[in-house]
Each structure stands twice: as C-alpha cells, then as structure tokens.
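The lines below spell out each chain.
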Amino acid sequence: MFELSQDHEDFRKVVRDFAQREVEPHVAQWDKDSYFPTELVPKMGDLGLFGLVVPEELGGSLDENDKDSGAFTSLCVAIEELGRVDQSIGITLSAGVGLGINPILSYGTEEQKQQWLPDLVAGRALAGFGLTEPDAGSDAGATRTKAERDGDEWVVNGAKAFITNSGTDITSVVTVTARTGTDDTGRPEISAIMIPSGTPGFTAEEPYHKLGWHISDTHGLSFDNVRVPASNLLGEQGNGFKQFLKTLDDGRIAISALALGLIERMLAESTAYASSRTAFGKPIAVNQGISFQLADLAVMAETSRVLTYKAAWLKDEHDAGRRSVAEVKKAAAIAKLYTSEAAVTATRIATQVFGGNGFMEEYPVARFYRDAKILEIGEGTSEVQRMVIARHLGLPS
Ligand SMILES: Cc1cc2nc3c(=O)[nH]c(=O)nc-3n(C[C@H](O)[C@H](O)[C@H](O)COP(=O)(O)OP(=O)(O)OC[C@H]3O[C@@H](n4cnc5c(N)ncnc54)[C@H](O)[C@@H]3O)c2cc1C
C-alpha cells in the first residue's frame with residue numbers, strides 16, 4: 001500500500017481546510033491562555049470527525065456492511081491533519097474517539113450506546129477513560145481504585161491521574177478501571193465502570209500545569225464514595241484490563257498519526273525558513289549542515305507515514321475480519337515507538353534550524369517543541385512499546 005485512496009485524500013482536504021479556518025488563527029492565543037476551546041468540539045462533530053468509526057444508527061458515518069470503508073484510516077487522516085496545525089486539538093479528537101467513544105462502542109450494551117454515543121458523536125459531549133493512577137501508570141494492573149457492590153449500586157473510591165478530556169464543560173462521562181474483587185488465582189479482578197460527570201463524590205481536580213498540550217484538557221480525578229447504578233459496568237466484570245489493552249492498540253496508531261502531522265509540519269516550517277533566512281550572504285539552506293537536516297526530516301516524515309498507515313490499514317483489515325489482533329498490536333507499537341521518537345528529534349532539528357527565533361513563542365516550532373515530548377509517554381511509553389514489540393519476537397521467556 002503506497003498511497004491512500006482518493007476518498008481518503010479528498011477527506012484530507014476537507015479536514016485541512018477546517019484546521020486552517022477554525023484552528024490556525026486562534027491556536028497561539030489558546031496555547032498561551034491554556035484555553036480549552038469547547039466551542040470547537042461541536043464544529044468537529046458537524047464535520048463528522050467523532051463519528052468516523054461509529055455506525056450510522058448511532059449517529060456516525062460507518063456503514064457496517066462495507067468491509068472496505070477504511071474508517072480507521074480516515075480517523076488517522078483527520079488526526080494527522082489537525083496535528084499539523086495543533087497537537088492539542090489532534091489529541092482532543094484522538095482521545096475523544098479512542099478513549100471516550102471506542103470503549104462504549106466496543107463493550108457497551110445497546111442501552112449504554114444509545115445513552116452516550118449520539119451526543120459524543122455530535123460533539124455535544126466528550127468522554128474520558130481513566131486507567132492511569134498516581135501509583136499505576138506503565139504497570140496499569142496495579143490499579144488501586146476500588147468498586148464495591150452495595151445492592152444495585154457500585155461504590156467507587158480512589159483516584160486517577162492525567163485523564164484527557166475528563167473535566168471540560170461538556171464532559172458527560174468518564175470510564176474508569178477499578179478493582180472489583182479477586183479472580184480464582186487470587187489476583188485483583190479489574191473491571192470498567194462509567195462515572196457520569198456531576199455524580200456526588202466525583203471530582204475533576206484543578207487542571208495540570210503542563211509542559212505542552214496546553215489546549216488539551218487534563219485532570220486528576222478523585223472518587224469519594226461515588227455511587228453509580230450496577231448497570232454502569234462497561235463490558236464483563238473482570239474484563240476491564242483486557243478491554244483497555246485492546247483500546248490502547250488503536251490509540252497507539254492514532255498517536256502515531258498525531259506525531260506524523262507534527263513531523264510534516266516541522267519539515268515544511270524548516271524548509272521554508274532555511275530557504276528564506278540568509279547568513280554569510282546566502283540562504284542557510286545552501287549549507288549541507290542545514291540541507292542534510294532537512295533531508296533527515298524528510299526521511300522521518302516518509303518513514304512515519306508508511307508505518308502509521310500500514311498500522312491503520314492492518315486495523316481496518318482486522319475490523320473486516322482479515323487480519324489478526326497480534327498483527328495490529330505489533331504494528332501499532334512499532335509505529336508509535338518510531339514516530340513519537342522521530343517527532344521529538346524533528347522538533348529539536350527544526351528549532352535548531354530556526355536559531356534564536358526557534359526559541360520564541362512567535363514561531364510555531366517552539367510550541368511543537370513543547371508538545372512533542374508527551375508523544376513518547378502517553379498511551380504507553382517508548383519503553384512499554386519496546387516491551388510489546390519484544391514480546392512478538394518469539395524470544396525465550
Ligand atoms: C498529558 C497526559 C495525558 C494523559 N492522558 C491519559 C488518559 O486520558 N488516560 C489515562 O489512563 N492515562 C493518561 N495519561 C497517562 C499516561 O498514559 C502515563 O503517564 C504513561 O502510561 C506512563 O505512566 P506513568 O506516568 O505512571 O510513568 P511510570 O509508569 O511511572 O514510568 C516512569 C518511567 O519508567 C519507565 N518504566 C516503567 N516500567 C518499566 C519497565 N518494566 N521497563 C523499563 N522501563 C520502565 C517508563 O517507561 C517511564 O520512562 C496521560 C498522561 C499525560 C502526561
């Protein structure tokens with residue numbers, strides 16, 4: 001697969017135009033103010049961005065009979081294009097679909113889907129997913145948050161850390177993993193439970209002061225005797241951890257698309273700047289010391305594109321029943337690992353090409369420099385991706 005379909009390329013133009021019109025003019029100010037643009041979310045919904053992988057009867061655009069729709073690839077195109085303009089807006093979509101909508105779509109009952117998805121797809125609401133805790137990140141199985149049954153209710157106590165889209169004005173629900181008992185071998189049983197915003201005892205703490213992703217919404221969450229109906233269990237009791245690992249595979253491909261958008265932007269910015277900036281009487285681009293760096297950026301962009309869309313294609317093929325989950329898992333980890341590390345390198349190169357200007361917030365490379373690092377951490381750190389890849393190499397255990 002060396003190029004995307006014409007439909008995907010046409011869709012790319014639509015998203016690019018939207019990003020130029022609705023995001024680019026405001027983004028520097030939003031970033032400076034750490035402002036989450038709630039008003040943008042329904043516009044993204046109107047464009048259909050939240051509904052690309054959601055069946056038509058739930059408000060999305062997915063025709064479930066069309067095995068070749070390439071719906072997940074479309075989502076990656078949208079994230080890539082938004083990510084070229086701003087990484088926070090890209091992650092708002094990526095997390096909104098991957099962590100908010102997908103778990104409900106994949107594991108929810110018909111009632112849960114009908115209750116939550118139409119608003120999420122329309123961009124009238126956002127949802128988050130809370131796996132990480134203050135003492136359980138990479139080792140997510142160490143979850144301490146507990147949910148105990150009391151009659152027809154779950155009573156939830158504990159805390160989550162760094163949860164995206166969890167405290168906006170339109171956040172309707174956050175799904176969290178919690179210990180609901182122990183399994184036959186005595187290990188903690190982890191389940192997923194949906195906690196609607198506004199439930200007494202559920203608090204989204206003050207937003208974090210982050211290095212980057214200033215426009216993205218991130219909160220710590222606390223649960224103090226939070227009571228929700230027993231029917232708020234998402235999926236099977238005890239399957240919460242397994243469900244989440246599956247959710248992460250898709251999320252990793254989406255992060256890869258986000259990193260790809262960043263790398264392409266760094267290539268474009270650096271090429272333009274190096275062609276117009278003069279030093280010693282000539283454009284700096286004529287120096288091999290600069291043009292070789294631009295060449296390296298072009299290689300990173302091309303490699304990231306191939307890895308991201310190979311993984312997205314495998315995911316679409318898996319959804320059509322033609323590829324195994326193991327293939328998706330490995331490709332997702334490889335794509336995420338390479339593109340996120342390349343993104344950090346790309347912003348370092350771009351900032352260097354810009355010289356002193358690259359350190360100034362007037363130039364977007366400075367914002368992208370701050371935004372890049374989290375790509376190596378969120379949805380599984382680089383070390384975790386290496387663990388996943390190594391597990392697929394048939395090494396002795
Ligand atoms: C802005 C932001 C948004 C986020 N959004 C969400 C969200 O929406 N939902 C959610 O659940 N989480 C979210 N996260 C959490 C994110 O997924 C975690 O931060 C990440 O998984 C790492 O966990 P940790 O921070 O606890 O680091 P730790 O697990 O404490 O890791 C610290 C370091 O040790 C390394 N390490 C750990 N174990 C090993 C090992 N066995 N071998 C080698 N190295 C190891 C890690 O790679 C890392 O470098 C978000 C984080 C941020 C910063």
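Residues numbered from 1 in each chain as written. Predicted model: local features only at pLDDT ≥ 70, side-chain atom pairs only at ≥ 80, totals over all residues. Heavy atoms only, no water.

Per an unreviewed UniProt entry, the protein chain goes by the name Alkylation response protein AidB-like acyl-CoA dehydrogenase and belongs to Knoellia remsis. Note on the protein chain: under the UniProt heading Cofactor (unreviewed entry), the record states "FAD". In its Sequence similarities (unreviewed entry) section, the UniProt entry covering the protein chain states "Belongs to the acyl-CoA dehydrogenase family." (UniProt positions renumbered as here; feature names shortened; annotations may be inferred.)

Draft legend 1. Local environment of the pairing of strand β3 (residues 153-164). Of the strand pairs in this sheet, strand β2 (residues 146-150) and β3 are connected by five bridges, and their pairing is antiparallel. When the sheet's bridge partners are listed, R149 is paired in β3 with W154. Between β2 and the antiparallel strand that follows it, β3, lie two residues; G151 among them carries a positive phi value of about 60 degrees. Bridging between β3 and strand β7 (residues 218-229) involves nine bridges; their strand directions are antiparallel. Within β7, the position partnered with T164 by the bridge is T218. (Pairing = 2+ DSSP bridges. Helix = DSSP H or I, 4+ residues; strand = E, 2+ residues; numbered from the N terminus.)

Draft legend 2. Seen up close, the site of the ligand. In the vicinity of the ligand lie 18 residues, with T132, S138, F162, T381 and E383 positioned nearest. Residue assignment for the shell around the ligand shows that the elements contributing at least two residues are β1 (126-130), β3 and α11 (382-391). Within the shell around the ligand, the residues separate by chemical class into nine nonpolar, seven polar and two charged. Two domains each donate at least three residues to the shell around the ligand, and these are domain 2 (129-238) and domain 3 (241-391). (Near = heavy atom within 4 Å. Nonpolar A, V, L, I, M, F, W, Y, C, P; charged D, E, K, R; others polar. Domains from an automatic or database assignment.)

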